[in-house]
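If you want the building blocks of each chain, they are given just below.
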Amino acid sequence: MWKGRGHSVSISRKKGPLYLQIKNIIKDRIMHGVYPLGSFVPAEPLLEQEFQVSKMTVRNAIRELSTEGYVERKSGVGTIVLRNTSSTKLSKGKRFTELLVEQGHRMEKRLLGAEMVNTKTNAELLELFGESCQRIERLYLLDEQPYIHFQHYITPGVALVQAENDKGALFSSLYEWLEEKEITLEGFRDRFLVEAAAAESAAVLGVEPGTPVLKRLRRSYDSEGNLIEYSIGIYNTQLHPYLVSYDA
């Protein structure tokens, strides 16, 4: 079974302005219920201590979140969470996790690994990406329990995940990471299957091999129809069913 472990959030000047990195981390926590709607973001001194940055850096991060409508700073009270849903073009792709957060659940994400892989031994990946692509492995935890095991395969034309994102560290939104690379996803194609959990995913999710799981295969495309991401998601639906919400 999975056992939670402490992890530090890695920020570095090599990855861009520190205040924007902190903004994205706090935003991700808001989107996934770590800081629920109506609650207060930790006080500035606590954020300064967590990220080892100056007061001005934290204030700039909070200002950006306020400008985007996620929080409101109340003098003498603190910073309150006003919104926990996305307003970007990617919101439809992230709607499932937003539904869980709206129900009061907490979602966390862990980066398990990131590497370039040779696709010559995998006919499907070879056809999709050519001779190589980037593989990103992540784990989603629902209320601190392993819930989704993701393996993302990214076109080799996208810059690599930086090495300083150590194994086990929190990795925020994959789609926002792509957006930072000036790649906007415009289309998603999902296919769902029910199958027996393979040994690798079973170990990550803390279930017995052979346990029935939901398998989601997703292909994500840019505005020109180019395949950017192919992902395999294994859901432990015994923990929580997969939810779909249709707008009228």
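Residues numbered from 1 in each chain as written. Predicted model: local features only at pLDDT ≥ 70, side-chain atom pairs only at ≥ 80, totals over all residues. Heavy atoms only, no water.

Model confidence for the chain is summarised by a mean pLDDT of 83, while 85% of its residues fall at 70 or above. When mean pLDDT is taken per element in the chain, helix α7 (residues 199-205) scores highest with 96 and helix α6 (residues 174-180) scores lowest with 75. Confidence over residues 1-8 falls short of pLDDT 50; this stretch has 15 contacts with residues more than four positions distant or in other chains. Predicted confidence for residues 89-93 stays below pLDDT 50, and this span has eleven contacts to residues more than four positions away or in other chains. (pLDDT = per-residue confidence, 0-100. Helix = DSSP H or I, 4+ residues; strand = E, 2+ residues; numbered from the N terminus. Contact = heavy atoms within 4.5 Å.)

Angle between the axes and distance between the axes are the two parameters that describe a pair of packed helices. Helix α3 (residues 55-67) packs onto helix α2 (residues 44-51) with a crossing angle of 110 degrees between their chain directions and a minimal axis gap of 9 Å. It follows that α2 is roughly perpendicular to α3 by the angle criterion. Along this stretch, α2 crosses α3, giving a crossing that reads as right-handed. Only Lys-55, Val-58, Arg-59 and Ile-62 of α3 make contact with α2, whose side of the interface consists of Glu-44, Leu-47 and Glu-48. Looking at the contact of α2 with α3 residue by residue, the classes come out as three nonpolar, no polar and four charged. (Axes fitted to C-alpha atoms, helices over the stretch in contact; angles between N-to-C directions. Parallel < 35°, antiparallel > 145°, perpendicular 65-115°, else oblique. Left-handed = near helix turned anticlockwise from the far one by under 90°. Nonpolar A, V, L, I, M, F, W, Y, C, P; charged D, E, K, R; others polar.)

What follows is about helix α1 (residues 18-31). Along its 14 residues, α1 runs 20 Å from first to last C-alpha, staying within 8% of the 20 Å computed at 1.5 Å per residue. Most of α1 is tucked away: twelve of the 14 residues are buried. Every buried residue of α1 is accounted for by Leu-18, Gln-21, Ile-22, Lys-23, Asn-24, Ile-25, Ile-26, Lys-27, Asp-28, Arg-29, Ile-30 and Met-31. Directly after α1, the chain includes Gly-33, whose backbone phi takes a positive value near 80 degrees. (Expected span 1.5 Å × (residues − 1). Buried < 20%, exposed > 50% of the residue type's maximum accessible area, 1.4 Å probe, protein only.)

Moving on: the sheet that holds strand β2 (residues 71-74). Taken in spatial order, the three strands make up an open sheet running β1-β3-β2, and their pairing is antiparallel. The open sheet is flanked by β1 (40-41) and β2, the only strands paired with a single partner. In terms of strand pairing, β2 meets strand β3 (residues 78-81) through four bridges, oriented antiparallel. Bridged to Val-71 within β3 is Val-81. (Pairing = 2+ DSSP bridges.)

Take the packing of aromatic side chains next. Under the defined criterion, the tally for this structure stands at six aromatic pairs. With a centroid separation of 5.1 Å and an interplanar angle of 70 degrees, the aromatic rings of Tyr-140 and Phe-150 are classed as edge-to-face. Here Phe-150 lies in strand β6 (residues 145-154) and Tyr-140 lies in strand β5 (residues 132-142), a separation of ten residues in the sequence. By relative accessible area, which is 9% here, Tyr-140 ends up buried. Relative to Tyr-235, the ring of Phe-150 lies with its centre 6.0 Å away and its plane at 80 degrees, an arrangement referred to as edge-to-face. Of this pair, Phe-150 sits in strand β6 while Tyr-235 is found in strand β9 (residues 227-235), placing the two residues 85 residues apart along the sequence. Of the residues examined, Phe-150 reaches a relative accessible area of 4% and is grouped as buried. Taken together, the ring pairs connect Tyr-140, Tyr-147, Phe-150, Phe-192, Tyr-235 and Tyr-242 into an aromatic cluster. The positively charged end of Arg-83 is found above the aromatic ring belonging to Tyr-70, 4.1 Å away from the centroid. (Phe/Tyr/Trp six-rings, centres within 6.5 Å; stacked < 30°, edge-to-face > 60°. Lys NZ or Arg CZ within 6 Å of the ring centre and 35° of its normal.)

Turning our attention to the pairing of β5. Counting buried positions over the eleven residues of β5 gives ten, a clear majority of the element. Both β5 and β6 contribute to a ladder of nine bridges, which runs antiparallel. Counted as the bridge partner of Leu-141 is Pro-146 from β6. Here β5 hands over to β6 after two residues, with Asp-143 in that stretch at a positive phi of 50 degrees.

What follows is about the sheet that holds β6. Reading across the sheet, the six strands line up as β4-β5-β6-β9-β8-β7 and stay open at both edges, with antiparallel pairing between neighbours. Whereas interior strands pair on both sides, the edge strands pair on one side only; in this sheet they are β4 (107-118) and β7 (185-196). Within this sheet the neighbouring strands show an average axis-to-axis angle of 15 degrees, counted without direction. Bridge count between strand β8 (residues 212-222) and β9: eight bridges; the pairing is antiparallel. Its bridge partner being in β9, Arg-219 is matched across the sheet by Tyr-230.

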